[in-house]
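Analysis of the macromolecular model
As a plain string of letters, each chain reads:
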Amino acid sequence: MKIEKSRALFSEAQKYIPGGVNSPVRAFKAVGGDPLFIKSSKGAYMFDEDDNKYIDLINSWGPMILGHGHEGIAQAVREAVDHSLSFGAPTRKEVEIAELITHMMPSVEKVRMVNSGTEATMSALRLARGFTGRDKIIKFEGCYHGHGDSFLIAAGSGAATMGIPNSPGVTKGTAQDTLTAPFNNLKAVQDLVDRNNGNIAAIILEPVAGNMGCVLPQEGYLLGLRDICDKNGIVLIFDEVMTGFRLSKGGAQELFGVRPDLTTLGKIIGGGMPVGAYGGKAEIMDFVSPAGPVYQAGTLSGNPVAMSAGLAMLTYLNEHSEIYKSLQDTTSRIAAGYRLSLDKLDLKYTINHIGSMISMFFTDQPVFDFDSAKTSNTELFGRYFRGMLERGVYLPPSQFETYFISTAIDNSIADEIIRANHEVLEELTVG
Ligand code: PMP
(Lines give C-alpha, C1' and ligand atoms only; values in the text may rest on other atoms or scores of the structure.)
Protein backbone atom coordinates (compact mmCIF):
# COMPACT_ATOMS: atom_id res chain seq x y z
CA MET A 1 0.00 0.00 0.00
CA LYS A 2 1.49 3.33 -1.07
CA ILE A 3 0.86 6.13 1.41
CA GLU A 4 3.55 8.66 0.40
CA LYS A 5 1.17 11.62 0.20
CA SER A 6 -0.32 10.86 3.65
CA ARG A 7 3.21 10.53 5.06
CA ALA A 8 4.29 13.86 3.61
CA LEU A 9 1.17 15.58 4.93
CA PHE A 10 1.63 14.07 8.38
CA SER A 11 5.19 15.29 8.59
CA GLU A 12 4.06 18.77 7.50
CA ALA A 13 1.11 18.65 9.92
CA GLN A 14 3.37 17.98 12.89
CA LYS A 15 5.10 21.33 12.33
CA TYR A 16 1.88 23.27 12.87
CA ILE A 17 -0.59 21.07 14.77
CA PRO A 18 0.17 19.33 18.11
CA GLY A 19 0.88 15.72 17.20
CA GLY A 20 -0.21 16.52 13.64
CA VAL A 21 -3.92 15.96 14.27
CA ASN A 22 -6.95 17.80 15.62
CA SER A 23 -8.13 14.88 17.77
CA PRO A 24 -5.63 12.47 19.38
CA VAL A 25 -6.81 8.99 18.29
CA ARG A 26 -6.49 10.00 14.63
CA ALA A 27 -2.68 9.95 14.93
CA PHE A 28 -2.64 6.09 15.08
CA LYS A 29 -0.29 6.33 18.06
CA ALA A 30 -1.79 3.32 19.80
CA VAL A 31 -1.67 1.07 16.75
CA GLY A 32 1.56 2.19 15.09
CA GLY A 33 2.02 3.26 11.48
CA ASP A 34 1.28 6.59 9.85
CA PRO A 35 -2.18 8.11 9.87
CA LEU A 36 -3.98 8.38 6.55
CA PHE A 37 -5.08 11.72 5.20
CA ILE A 38 -8.53 11.32 3.73
CA LYS A 39 -9.53 13.07 0.54
CA SER A 40 -13.10 11.93 -0.05
CA SER A 41 -15.72 9.37 0.83
CA LYS A 42 -18.79 7.80 -0.70
CA GLY A 43 -21.21 5.24 0.70
CA ALA A 44 -19.28 2.60 2.64
CA TYR A 45 -15.86 3.81 1.43
CA MET A 46 -13.20 6.39 2.16
CA PHE A 47 -10.35 7.35 -0.20
CA ASP A 48 -7.02 8.67 1.00
CA GLU A 49 -4.68 11.21 -0.59
CA ASP A 50 -2.83 8.36 -2.34
CA ASP A 51 -6.14 7.11 -3.78
CA ASN A 52 -6.31 3.96 -1.65
CA LYS A 53 -9.84 2.78 -0.96
CA TYR A 54 -11.07 1.60 2.45
CA ILE A 55 -14.26 0.15 3.85
CA ASP A 56 -15.03 2.67 6.59
CA LEU A 57 -15.95 1.25 10.00
CA ILE A 58 -15.47 4.56 11.83
CA ASN A 59 -18.00 6.62 9.93
CA SER A 60 -16.72 9.85 11.44
CA TRP A 61 -16.97 8.21 14.90
CA GLY A 62 -20.68 7.70 14.55
CA PRO A 63 -22.46 10.46 12.66
CA MET A 64 -22.47 8.78 9.24
CA ILE A 65 -25.00 6.07 10.11
CA LEU A 66 -26.32 6.27 6.54
CA GLY A 67 -22.84 6.01 5.05
CA HIS A 68 -21.06 8.86 3.29
CA GLY A 69 -22.62 11.35 0.90
CA HIS A 70 -26.30 10.73 1.62
CA GLU A 71 -28.01 12.80 -1.04
CA GLY A 72 -30.90 14.04 1.12
CA ILE A 73 -28.53 15.51 3.69
CA ALA A 74 -26.16 16.99 1.11
CA GLN A 75 -29.11 18.65 -0.64
CA ALA A 76 -30.45 20.10 2.63
CA VAL A 77 -27.01 21.60 3.31
CA ARG A 78 -26.74 23.08 -0.20
CA GLU A 79 -30.14 24.75 0.18
CA ALA A 80 -29.26 26.10 3.63
CA VAL A 81 -25.98 27.56 2.39
CA ASP A 82 -27.90 29.46 -0.28
CA HIS A 83 -29.83 31.26 2.46
CA SER A 84 -26.88 32.01 4.77
CA LEU A 85 -24.09 30.35 6.71
CA SER A 86 -25.16 31.88 10.01
CA PHE A 87 -27.52 34.47 11.49
CA GLY A 88 -27.12 34.32 15.27
CA ALA A 89 -30.91 34.74 15.52
CA PRO A 90 -33.69 32.16 15.95
CA THR A 91 -34.75 30.18 12.88
CA ARG A 92 -37.60 27.90 11.87
CA LYS A 93 -35.26 24.91 11.52
CA GLU A 94 -34.37 25.08 15.23
CA VAL A 95 -38.02 24.74 16.16
CA GLU A 96 -38.50 21.87 13.72
CA ILE A 97 -35.48 19.90 14.92
CA ALA A 98 -36.36 20.44 18.60
CA GLU A 99 -39.89 19.19 17.98
CA LEU A 100 -38.62 16.16 16.09
CA ILE A 101 -36.12 15.26 18.83
CA THR A 102 -38.83 15.42 21.51
CA HIS A 103 -41.00 13.21 19.31
CA MET A 104 -38.27 10.61 18.69
CA MET A 105 -37.03 10.61 22.30
CA PRO A 106 -40.00 11.26 24.58
CA SER A 107 -37.94 11.66 27.80
CA VAL A 108 -36.62 14.83 26.14
CA GLU A 109 -39.42 17.31 26.73
CA LYS A 110 -37.26 20.32 26.01
CA VAL A 111 -33.91 20.50 24.27
CA ARG A 112 -31.06 22.99 23.81
CA MET A 113 -28.76 22.74 20.78
CA VAL A 114 -25.00 23.16 21.17
CA ASN A 115 -21.99 22.50 18.92
CA SER A 116 -20.47 19.23 20.15
CA GLY A 117 -20.98 16.29 22.47
CA THR A 118 -18.46 17.83 24.87
CA GLU A 119 -20.53 20.99 25.15
CA ALA A 120 -23.67 18.94 25.66
CA THR A 121 -22.27 16.96 28.60
CA MET A 122 -20.59 19.99 30.22
CA SER A 123 -23.83 21.93 30.01
CA ALA A 124 -25.97 19.05 31.27
CA LEU A 125 -23.68 18.65 34.24
CA ARG A 126 -23.82 22.34 35.15
CA LEU A 127 -27.59 22.16 34.82
CA ALA A 128 -27.84 19.12 37.10
CA ARG A 129 -25.67 20.93 39.68
CA GLY A 130 -27.69 24.12 39.38
CA PHE A 131 -30.96 22.24 39.66
CA THR A 132 -30.01 20.13 42.69
CA GLY A 133 -27.70 22.64 44.42
CA ARG A 134 -25.18 19.80 44.83
CA ASP A 135 -21.58 19.56 43.59
CA LYS A 136 -20.51 15.94 43.19
CA ILE A 137 -21.13 13.61 40.29
CA ILE A 138 -20.67 9.91 39.69
CA LYS A 139 -19.20 8.72 36.40
CA PHE A 140 -17.99 5.29 35.34
CA GLU A 141 -14.48 4.07 34.66
CA GLY A 142 -13.92 3.78 30.92
CA CYS A 143 -16.91 5.95 29.97
CA TYR A 144 -16.05 9.03 27.94
CA HIS A 145 -18.15 12.16 27.97
CA GLY A 146 -16.00 14.56 25.99
CA HIS A 147 -13.10 16.61 27.31
CA GLY A 148 -14.82 18.74 29.95
CA ASP A 149 -12.62 18.88 33.09
CA SER A 150 -15.05 16.95 35.28
CA PHE A 151 -15.04 14.03 32.87
CA LEU A 152 -11.30 13.56 32.41
CA ILE A 153 -11.16 11.30 35.43
CA ALA A 154 -10.88 7.60 34.58
CA ALA A 155 -11.95 8.55 31.06
CA GLY A 156 -12.27 6.13 28.17
CA SER A 157 -11.83 6.67 24.42
CA GLY A 158 -8.71 8.59 23.34
CA ALA A 159 -7.78 9.34 26.95
CA ALA A 160 -7.63 5.60 27.69
CA THR A 161 -5.92 4.93 24.38
CA MET A 162 -3.20 7.48 25.12
CA GLY A 163 -2.81 6.14 28.67
CA ILE A 164 -3.93 9.42 30.27
CA PRO A 165 -7.37 8.77 31.72
CA ASN A 166 -6.68 11.48 34.36
CA SER A 167 -5.50 14.50 32.42
CA PRO A 168 -3.03 17.03 33.84
CA GLY A 169 -4.65 20.46 33.93
CA VAL A 170 -7.75 19.31 35.80
CA THR A 171 -7.80 21.04 39.21
CA LYS A 172 -7.87 19.04 42.43
CA GLY A 173 -11.20 20.63 43.30
CA THR A 174 -12.78 19.36 40.08
CA ALA A 175 -11.25 15.93 40.52
CA GLN A 176 -12.62 15.75 44.07
CA ASP A 177 -16.12 16.38 42.83
CA THR A 178 -15.96 13.52 40.33
CA LEU A 179 -16.56 10.14 41.95
CA THR A 180 -15.98 7.05 39.85
CA ALA A 181 -17.34 3.53 39.94
CA PRO A 182 -16.82 0.46 37.79
CA PHE A 183 -19.43 0.02 35.02
CA ASN A 184 -22.08 -2.64 35.66
CA ASN A 185 -21.59 -2.60 39.42
CA LEU A 186 -24.66 -1.28 41.22
CA LYS A 187 -23.25 -1.96 44.67
CA ALA A 188 -20.28 0.33 44.02
CA VAL A 189 -22.70 3.12 43.07
CA GLN A 190 -24.88 2.52 46.12
CA ASP A 191 -21.77 2.69 48.35
CA LEU A 192 -20.70 6.03 46.81
CA VAL A 193 -24.21 7.42 47.26
CA ASP A 194 -24.29 6.27 50.90
CA ARG A 195 -20.88 7.76 51.66
CA ASN A 196 -21.74 11.10 50.03
CA ASN A 197 -25.21 11.40 51.38
CA GLY A 198 -27.12 14.33 49.82
CA ASN A 199 -24.12 15.69 47.89
CA ILE A 200 -24.50 13.96 44.54
CA ALA A 201 -26.04 16.04 41.76
CA ALA A 202 -25.88 13.55 38.93
CA ILE A 203 -25.00 10.09 37.76
CA ILE A 204 -23.84 10.18 34.15
CA LEU A 205 -23.14 7.19 31.94
CA GLU A 206 -23.11 5.86 28.42
CA PRO A 207 -26.09 3.47 28.67
CA VAL A 208 -24.20 1.24 26.27
CA ALA A 209 -20.52 2.09 26.53
CA GLY A 210 -18.65 2.60 23.29
CA ASN A 211 -15.56 4.29 24.60
CA MET A 212 -13.90 1.30 26.25
CA GLY A 213 -14.83 -0.72 23.22
CA CYS A 214 -18.45 -1.85 23.08
CA VAL A 215 -19.66 -2.83 26.56
CA LEU A 216 -23.30 -3.66 27.23
CA PRO A 217 -25.23 -2.91 30.40
CA GLN A 218 -26.04 -6.09 32.30
CA GLU A 219 -29.62 -7.11 33.00
CA GLY A 220 -31.21 -4.67 35.45
CA TYR A 221 -28.24 -2.30 35.61
CA LEU A 222 -29.85 0.74 34.01
CA LEU A 223 -33.07 0.24 35.97
CA GLY A 224 -31.01 -0.15 39.14
CA LEU A 225 -29.35 3.22 38.51
CA ARG A 226 -32.77 4.76 37.82
CA ASP A 227 -33.94 3.46 41.17
CA ILE A 228 -30.91 4.79 43.09
CA CYS A 229 -31.40 8.22 41.47
CA ASP A 230 -35.12 8.27 42.31
CA LYS A 231 -34.50 7.38 45.94
CA ASN A 232 -31.78 10.00 46.39
CA GLY A 233 -32.94 12.97 44.32
CA ILE A 234 -30.06 12.48 41.87
CA VAL A 235 -30.34 13.54 38.23
CA LEU A 236 -29.80 10.54 35.94
CA ILE A 237 -28.00 11.59 32.75
CA PHE A 238 -27.75 9.21 29.81
CA ASP A 239 -24.94 10.30 27.56
CA GLU A 240 -26.39 9.18 24.25
CA VAL A 241 -23.93 11.14 22.11
CA MET A 242 -22.96 7.82 20.56
CA THR A 243 -26.07 5.67 21.06
CA GLY A 244 -28.74 8.31 20.37
CA PHE A 245 -30.53 7.64 17.04
CA ARG A 246 -28.07 4.74 16.57
CA LEU A 247 -29.35 1.84 18.69
CA SER A 248 -32.92 2.73 17.84
CA LYS A 249 -34.82 5.81 16.76
CA GLY A 250 -35.11 6.75 20.43
CA GLY A 251 -31.61 5.63 21.44
CA ALA A 252 -30.55 3.19 24.16
CA GLN A 253 -33.25 4.51 26.47
CA GLU A 254 -35.93 3.25 24.09
CA LEU A 255 -34.17 -0.08 23.59
CA PHE A 256 -33.82 -0.74 27.33
CA GLY A 257 -37.00 1.03 28.42
CA VAL A 258 -35.35 3.28 30.99
CA ARG A 259 -36.15 6.98 31.12
CA PRO A 260 -33.30 9.27 32.19
CA ASP A 261 -33.88 12.80 33.56
CA LEU A 262 -31.46 14.36 31.08
CA THR A 263 -29.97 13.09 27.83
CA THR A 264 -26.94 14.35 25.97
CA LEU A 265 -26.76 14.00 22.21
CA GLY A 266 -24.23 14.54 19.44
CA LYS A 267 -22.79 12.82 16.38
CA ILE A 268 -25.83 11.58 14.34
CA ILE A 269 -27.89 14.58 15.42
CA GLY A 270 -25.77 16.79 13.16
CA GLY A 271 -25.72 14.49 10.13
CA GLY A 272 -21.95 15.09 9.94
CA MET A 273 -21.98 18.77 10.96
CA PRO A 274 -20.73 19.89 14.41
CA VAL A 275 -23.86 19.61 16.56
CA GLY A 276 -24.66 18.48 20.07
CA ALA A 277 -27.73 18.85 22.27
CA TYR A 278 -28.93 18.29 25.79
CA GLY A 279 -32.48 17.86 26.88
CA GLY A 280 -34.84 16.16 29.27
CA LYS A 281 -37.56 16.90 31.78
CA ALA A 282 -39.09 20.33 31.19
CA GLU A 283 -38.90 21.01 34.93
CA ILE A 284 -35.09 20.69 34.79
CA MET A 285 -34.55 22.24 31.34
CA ASP A 286 -36.49 25.34 32.42
CA PHE A 287 -33.56 26.04 34.75
CA VAL A 288 -31.52 26.94 31.66
CA SER A 289 -31.10 30.62 30.79
CA PRO A 290 -33.08 32.65 29.72
CA ALA A 291 -35.95 30.57 31.20
CA GLY A 292 -33.93 29.97 34.38
CA PRO A 293 -30.70 30.88 36.18
CA VAL A 294 -28.18 28.32 34.81
CA TYR A 295 -26.13 30.03 32.12
CA GLN A 296 -25.26 28.43 28.79
CA ALA A 297 -24.95 30.08 25.39
CA GLY A 298 -23.31 29.72 21.95
CA THR A 299 -22.46 32.06 19.05
CA LEU A 300 -23.03 29.30 16.52
CA SER A 301 -25.56 27.21 18.47
CA GLY A 302 -28.48 26.26 16.24
CA ASN A 303 -26.46 27.21 13.15
CA PRO A 304 -28.80 27.03 10.15
CA VAL A 305 -26.53 24.86 7.98
CA ALA A 306 -25.87 22.42 10.82
CA MET A 307 -29.57 22.33 11.75
CA SER A 308 -30.51 21.59 8.14
CA ALA A 309 -28.12 18.64 8.00
CA GLY A 310 -29.36 17.36 11.36
CA LEU A 311 -32.99 17.81 10.48
CA ALA A 312 -32.55 15.95 7.19
CA MET A 313 -30.78 13.10 9.02
CA LEU A 314 -33.34 12.80 11.84
CA THR A 315 -36.29 13.10 9.47
CA TYR A 316 -34.87 10.24 7.41
CA LEU A 317 -34.31 8.06 10.50
CA ASN A 318 -37.75 8.86 11.85
CA GLU A 319 -39.36 7.80 8.59
CA HIS A 320 -37.16 4.74 8.01
CA SER A 321 -36.97 2.99 11.35
CA GLU A 322 -36.63 -0.31 9.46
CA ILE A 323 -32.93 0.52 9.03
CA TYR A 324 -32.31 -0.38 12.69
CA LYS A 325 -33.22 -3.99 12.06
CA SER A 326 -31.02 -4.16 8.97
CA LEU A 327 -28.10 -2.48 10.81
CA GLN A 328 -28.44 -5.07 13.54
CA ASP A 329 -28.56 -7.88 10.94
CA THR A 330 -25.35 -6.61 9.30
CA THR A 331 -23.62 -6.36 12.66
CA SER A 332 -24.79 -9.84 13.68
CA ARG A 333 -23.54 -11.19 10.36
CA ILE A 334 -20.10 -9.72 11.01
CA ALA A 335 -20.11 -11.05 14.59
CA ALA A 336 -21.11 -14.54 13.39
CA GLY A 337 -18.43 -14.49 10.68
CA TYR A 338 -15.81 -13.41 13.20
CA ARG A 339 -16.88 -16.16 15.64
CA LEU A 340 -16.60 -18.77 12.93
CA SER A 341 -13.04 -17.67 12.21
CA LEU A 342 -12.17 -17.67 15.90
CA ASP A 343 -13.47 -21.23 16.18
CA LYS A 344 -11.59 -22.39 13.12
CA LEU A 345 -8.37 -20.85 14.33
CA ASP A 346 -8.97 -22.01 17.90
CA LEU A 347 -8.82 -18.46 19.27
CA LYS A 348 -10.85 -17.30 22.24
CA TYR A 349 -11.31 -13.56 21.77
CA THR A 350 -14.38 -11.79 23.08
CA ILE A 351 -16.93 -10.16 20.80
CA ASN A 352 -19.48 -7.68 22.16
CA HIS A 353 -22.15 -6.23 19.93
CA ILE A 354 -25.53 -4.57 19.97
CA GLY A 355 -27.43 -2.80 17.20
CA SER A 356 -24.79 -1.26 14.94
CA MET A 357 -21.96 -1.27 17.50
CA ILE A 358 -19.40 -4.08 17.72
CA SER A 359 -15.94 -4.70 19.25
CA MET A 360 -13.60 -7.65 19.29
CA PHE A 361 -11.36 -7.71 22.37
CA PHE A 362 -8.11 -9.65 22.30
CA THR A 363 -8.85 -11.41 25.55
CA ASP A 364 -10.56 -14.66 26.50
CA GLN A 365 -12.37 -12.96 29.41
CA PRO A 366 -15.90 -11.60 29.19
CA VAL A 367 -15.74 -7.80 28.90
CA PHE A 368 -18.29 -5.98 31.07
CA ASP A 369 -16.33 -3.04 32.50
CA PHE A 370 -13.09 -1.11 32.00
CA ASP A 371 -10.90 -3.50 34.00
CA SER A 372 -12.04 -6.48 31.95
CA ALA A 373 -11.65 -4.43 28.72
CA LYS A 374 -8.07 -3.73 29.76
CA THR A 375 -7.24 -7.46 29.83
CA SER A 376 -7.20 -7.16 26.03
CA ASN A 377 -3.80 -7.47 24.37
CA THR A 378 -3.49 -3.98 22.85
CA GLU A 379 -0.18 -4.76 21.14
CA LEU A 380 -1.90 -7.60 19.29
CA PHE A 381 -4.79 -5.27 18.47
CA GLY A 382 -2.29 -2.86 16.90
CA ARG A 383 -0.96 -5.59 14.59
CA TYR A 384 -4.51 -6.69 13.78
CA PHE A 385 -5.49 -3.10 12.98
CA ARG A 386 -2.57 -2.70 10.56
CA GLY A 387 -3.36 -6.02 8.87
CA MET A 388 -6.97 -4.99 8.34
CA LEU A 389 -5.92 -1.61 6.98
CA GLU A 390 -3.59 -3.27 4.47
CA ARG A 391 -6.59 -5.27 3.31
CA GLY A 392 -8.63 -2.11 2.87
CA VAL A 393 -10.67 -2.18 6.09
CA TYR A 394 -10.40 0.98 8.16
CA LEU A 395 -11.16 0.14 11.81
CA PRO A 396 -11.15 2.56 14.73
CA PRO A 397 -7.43 2.82 15.59
CA SER A 398 -7.84 1.75 19.21
CA GLN A 399 -8.95 -1.31 21.14
CA PHE A 400 -11.04 1.03 23.29
CA GLU A 401 -13.45 2.13 20.59
CA THR A 402 -16.41 0.47 18.94
CA TYR A 403 -16.88 -0.07 15.18
CA PHE A 404 -19.74 2.00 13.78
CA ILE A 405 -21.69 0.06 11.17
CA SER A 406 -23.52 2.13 8.55
CA THR A 407 -26.42 1.25 6.27
CA ALA A 408 -23.99 1.48 3.32
CA ILE A 409 -22.39 -1.77 4.47
CA ASP A 410 -24.33 -4.45 2.62
CA ASN A 411 -23.91 -8.20 2.98
CA SER A 412 -21.19 -8.46 0.38
CA ILE A 413 -19.13 -5.71 2.07
CA ALA A 414 -19.76 -7.41 5.43
CA ASP A 415 -18.39 -10.61 3.90
CA GLU A 416 -15.28 -8.77 2.71
CA ILE A 417 -14.74 -7.57 6.28
CA ILE A 418 -15.19 -11.13 7.56
CA ARG A 419 -12.68 -12.46 4.99
CA ALA A 420 -10.12 -9.80 5.86
CA ASN A 421 -10.56 -10.57 9.56
CA HIS A 422 -9.97 -14.27 8.94
CA GLU A 423 -6.83 -13.65 6.92
CA VAL A 424 -5.36 -11.26 9.46
CA LEU A 425 -6.14 -13.50 12.45
CA GLU A 426 -4.60 -16.44 10.61
CA GLU A 427 -1.50 -14.41 9.83
CA LEU A 428 -1.19 -13.25 13.45
CA THR A 429 -1.63 -16.81 14.72
CA VAL A 430 1.03 -18.19 12.41
CA GLY A 431 3.33 -15.18 12.82
N1 PMP B 1 -19.99 11.48 24.91
C2 PMP B 1 -19.78 10.33 24.26
C3 PMP B 1 -20.50 9.10 24.72
C4 PMP B 1 -18.91 10.28 23.17
O5 PMP B 1 -18.71 9.11 22.54
C6 PMP B 1 -18.27 11.47 22.76
C7 PMP B 1 -17.30 11.48 21.59
N8 PMP B 1 -16.82 10.30 21.14
C9 PMP B 1 -18.52 12.64 23.46
C10 PMP B 1 -19.39 12.62 24.52
C11 PMP B 1 -17.87 13.92 23.06
O12 PMP B 1 -18.40 14.39 21.87
P13 PMP B 1 -17.57 15.40 20.96
O14 PMP B 1 -16.36 14.66 20.48
O15 PMP B 1 -18.53 15.78 19.88
O16 PMP B 1 -17.21 16.57 21.81
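Owing to the predicted nature of the structure, the values given are computational and were not obtained by experimental measurement.

Digging into the overall build of the protein chain
- In terms of regular secondary structure, the protein chain is built from 15 helices and 14 strands.
- In terms of overall size, the protein chain behaves like a compact globule, its C-alpha atoms giving a radius of gyration of 21 Å where 431 residues would be expected to give roughly 22 Å.
- Projected onto its principal axes, the C-alpha positions of the protein chain cover 60 × 55 × 45 Å.
- By residue count, 50% of the 431 residues in the protein chain fall in the buried class.
- For the protein chain, long-range pairs separated by at least 24 residues make up 74% of all intrachain contacts whose partners lie at least 6 apart in sequence.

Overview of the site of the ligand
- Ser116, Gly117, Thr118, Gly146 and Val241 are the nearest of the 17 residues found near the ligand.
- In terms of residue count, the dominant contributor to the shell around the ligand is helix α4 (residues 117–132) (three residues).
- Residue composition of the shell around the ligand, grouped by class: four nonpolar, 11 polar and two charged.

Observations regarding the sheet that holds strand β4 (residues 110–114)
- In space, the seven strands of this open sheet follow the order β4-β10-β9-β8-β7-β5-β6, with mixed pairing throughout. Either end of the sheet is taken by a strand with one partner, and the two such strands are β4 and β6 (178–181). Each adjacent strand pair in this sheet contributes to an overall mean axis angle of 20°, direction not counted.
- Sheet topology places β4 next to strand β10 (residues 276–280); five bridges connect them, and they run antiparallel. Following the sheet pairing, methionine 113 is matched in β10 by alanine 277.
- Contacts from helix α7 (residues 186–195) reach β5 (136–140), β6 and β7 (200–205), with the element oriented near 150° to β6.

Points about the confidence of the model for the protein chain
- Of all residues in the protein chain, 100% have pLDDT values of 70 or greater, and the mean over the chain is 97.
- Note on the complex model: pTM 0.98, ipTM 0.99.

Topic: the environment of alanine 89
- Of note, alanine 89 is situated in the loop between α2 (71–83) and α3 (92–104).
- It is 25 Å that separates the C-alpha atoms of alanine 89 and lysine 281, two residues lying 192 residues apart in sequence.

Concerning the domain arrangement of the protein chain
- Along its sequence, the protein chain is organised into domain 1 (1–57 + 324–337 + 392–431) and domain 2 (71–319).
- Here the C-alpha centre of domain 2 lies 27 Å away from the C-alpha centre of domain 1.
- Taken together, the 11 residues of domain 1 in the interface contact 13 residues of domain 2.

Some thoughts on helix α11 (residues 304–319)
- In this model α11 runs 22 Å from its N-terminal to its C-terminal C-alpha over 16 residues, within 8% of the 22 Å that 1.5 Å per residue would give.
- For α11, the buried fraction is high: 12 of the 16 residues fall into the buried class.
- If you check which residues of α11 are buried, you get Pro304, Val305, Ala306, Met307, Ser308, Ala309, Gly310, Leu311, Ala312, Met313, Leu314 and Leu317.
- Residues of α11 that are buried make contact with α2 and α3.

Side note on the environment of aspartate 369
- By the secondary structure assignment, aspartate 369 is in the loop between β12 (357–361) and α13 (370–373).
- On the basis of neighbour count, aspartate 369 is assigned to the buried category, with 21 C-beta atoms found within 10 Å.
- Here the alpha-carbon distance between aspartate 369 and alanine 291, two residues 78 residues apart in the chain, equals 39 Å.

Brief notes about the packing of α7 against helix α8 (residues 221–232)
- Between α7 and α8, the least distance of the axes is 10 Å, while the angle of their chain directions is 15°. With respect to each other, α7 and α8 are oriented roughly parallel. Where α7 crosses over α8, the two elements pack in a sense that is right-handed. Here Leu186, Val189, Gln190 and Val193 of α7 come into contact with α8, specifically with Tyr221, Gly224, Leu225, Ile228 and Asn232.

Some details on the sheet that holds strand β13 (residues 393–394)
- The strand order across the open sheet built from four strands is β1-β2-β3-β13, with neighbouring strands paired in mixed fashion. Edge positions in the sheet fall to β1 (38–42) and β13, since each has one partner strand and no second.
- As defined by bridge partners, β1 adjoins strand β2 (residues 45–48) across four bridges and the pair is classed as antiparallel. Looking at the pairing, serine 41 lines up with methionine 46 of β2.

Quick notes on the nonpolar core
- Residues Ala128, Ala202, Ile203, Val235, Ile237 and Ala277 are the most contacted members of the largest nonpolar core, which totals 127 residues.
- Here this core gets nine residues from one element, more than from any other, and that element is α11.

Quick notes on the UniProt feature "modified residue: N6-(pyridoxal phosphate)lysine" (unreviewed entry) in the protein chain
- Mapped onto the present numbering, the UniProt feature "modified residue: N6-(pyridoxal phosphate)lysine" (unreviewed entry) falls at Lys267.
- On the basis of neighbour count, lysine 267 is assigned to the buried category, with 26 C-beta atoms found within 10 Å.

Digging into unusual backbone geometry
- That bond from serine 289 to proline 290 is cis: its omega, 5°, falls within 30 degrees of zero.
- Structurally, proline 290 is set in the loop between α10 (282–285) and α11.
- The residue aspartate 346 is not glycine, and still its phi comes out positive at about 55°.
- Here aspartate 346 shows up in the loop between α12 (323–344) and β11 (350–354).
- A residue is classified by how many C-beta atoms lie within 10 Å of it, and aspartate 346, with 7 of them, is exposed.

What to know about the environment of tyrosine 221
- Counting through the fold element by element, tyrosine 221 comes out in helix α8.
- You can call tyrosine 221 buried: it has 20 C-beta atoms within 10 Å.
- Each C-alpha atom of the pair tyrosine 221 and isoleucine 354 lies 16 Å from the other, and the pair is 133 residues apart in sequence.
- Sequence-distant contacts of tyrosine 221, defined by excluding residues within four places in its chain, comprise Asn184 and Leu186.

Rules and cut-offs
- Residues numbered from 1 in each chain as written.
- Predicted model: local features only at pLDDT ≥ 70, side-chain atom pairs only at ≥ 80, totals over all residues.
- Helix = DSSP H or I, 4+ residues; strand = E, 2+ residues; numbered from the N terminus.
- Rg over C-alpha atoms; globule rule 2.2 N^0.38 Å.
- Buried ≥ 20, exposed ≤ 12 C-beta atoms within 10 Å, placed from the backbone.
- Contact = placed C-beta atoms within 7 Å.
- Near = placed C-beta within 6 Å.
- Nonpolar A, V, L, I, M, F, W, Y, C, P; charged D, E, K, R; others polar.
- Pairing = 2+ DSSP bridges.
- Axes fitted to C-alpha atoms, helices over the stretch in contact; angles between N-to-C directions.
- pLDDT = per-residue confidence, 0-100.
- Domains from an automatic or database assignment.
- Expected span 1.5 Å × (residues − 1).
- Parallel < 35°, antiparallel > 145°, perpendicular 65-115°, else oblique.
- Left-handed = near helix turned anticlockwise from the far one by under 90°.
- Core = buried A, V, L, I, M, F, W, Y, C linked by C-beta atoms within 7 Å.
- UniProt positions renumbered as here; feature names shortened; annotations may be inferred.

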